[in-house]
Amino acid sequence: MNAKERLIVSLDFPDIQKAQSLRDLLKDDVLFYKIGLQMFLRYGFQIVNEWKNFGKKVFLDLKLSDIPNTVSSAIRTLSVLEVDMINMHALSGYDCMRMAAETAKEVIPESKLIAVTVLTSFTDKGLQEIGIPHSPAGEVKTLCKIAKKAGLSGVVSSPWEANSVKNICGEDFITVCPGIRRSTDAIGDQARIMTPSKAIKNGADYLVVGRPIIKASDPKEAAISILKEIENAIQ
Ligand code: C5P
């Protein structure tokens, strides 16, 4: 995969006009976009269809989590959208991931169903507060094994864990990594961050980037500089 195929820009905007302006500005640079809860709750199927009609790839980041039948039914409902990537929480458990993976293979065979392991905003302390006695790295190791066994295509983790996910689950198991920051970017609420170049070298297949591009004074310059970093790291 080339650099352009590996960068996913996160459309974390309050309204669609801002997202459309960004898409126009980056029309020759960015191919893959992430549509998350903020946009999907307001614009629903319309925004996904619009992005697909513009020839863009879409990662629908709804982080589904519920009982197996409900998650599987939600995937069936979303199947008309033909998104390229969709996700659920690994903490929904093996049975839920297994049923979701079977449904996805049936109704969206071209899409990748991936599991969120530990959110990139979590630290050891945050996990302990909710009763998980492992470090994020340890918990990601446990959850990626279960996701792989359940038949998912890959996981979302921080770039710090991408290497161990590849070692445990194999090169073909996809690693999608938010928490990407260049050395000059503000960290914000993320905790387990890495630069684009280090993330690629540490095993990240896809980099999810929001604020370093969408809040930049010059988003085009920011996207191009991140693409260049990815390109240099691939070589
Ligand atoms: O602005 P920033 O680059 O931090 O955006 C990261 C994006 O990735 C956000 O849309 C966030 O919801 C998403 N995400 C994440 N951590 C995960 C899964 C998704 O930050 N584990």
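Everything numeric here is computed off the predicted structure, so don't read it as measured data. (Residues numbered from 1 in each chain as written. Predicted model: local features only at pLDDT ≥ 70, side-chain atom pairs only at ≥ 80, totals over all residues. Heavy atoms only, no water.)

Caption draft 1: Here's a closer look at the pattern of salt bridges. Tallied over the full model, the rule gives 13 salt bridges. Of the charged contacts in the structure, one is a salt bridge between R76 and E106, with a shortest N-O distance of 3.2 Å. Of this pair, R76 sits in helix α4 (residues 68-78) while E106 sits in helix α5 (residues 94-107); the two residues are 30 residues apart in sequence, bridging distant segments of the chain. Look at R76 and you get partly exposed, because its relative accessible area is 39%. One salt bridge in this structure joins R211 and D189, with 2.6 Å as the shortest N-O distance. Remark: D189 occurs in the loop between β7 (174-177) and α9 (196-201) and R211 occurs in helix α10 (residues 211-214); sequence separation between them is 22 residues. (Salt bridge = Lys/Arg side-chain N within 4 Å of Asp/Glu carboxyl O. Helix = DSSP H or I, 4+ residues; strand = E, 2+ residues; numbered from the N terminus. Buried < 20%, exposed > 50% of the residue type's maximum accessible area, 1.4 Å probe, protein only.)

Caption draft 2: Local environment of the sheet that holds strand β1 (residues 7-10). Sheet architecture is closed into a barrel: 8 strands sit in the order β1-β2-β3-β4-β5-β6-β7-β8, paired in parallel fashion. Taking the axes of each pair of neighbouring strands and ignoring which way they run, one obtains an average angle of 25° across the sheet. The pairing of strand β6 (residues 154-156) with β7 spans 3 bridges and is classified as parallel. The partner of V156 across the bridge, within β7, is V176. (Pairing = 2+ DSSP bridges. Axes fitted to C-alpha atoms, helices over the stretch in contact; angles between N-to-C directions.)

Caption draft 3: Molecular detail of the packing of helix α2 (residues 16-25) against helix α3 (residues 37-53). One way to put it is that α2 packs onto α3 with a least axis distance of 11 Å and a crossing angle of 35°. Where α2 crosses over α3, the two elements pack in a sense that is right-handed. Judged by residue contacts, I16, Q17, A19, Q20 and R23 of α2 engage M39, Y43, Q46, I47, E50 and W51 from α3. Class assignment for the residues of the contact of α2 with α3 results in 6 nonpolar, 3 polar and 2 charged. (Left-handed = near helix turned anticlockwise from the far one by under 90°. Contact = heavy atoms within 4.5 Å. Nonpolar A, V, L, I, M, F, W, Y, C, P; charged D, E, K, R; others polar.)

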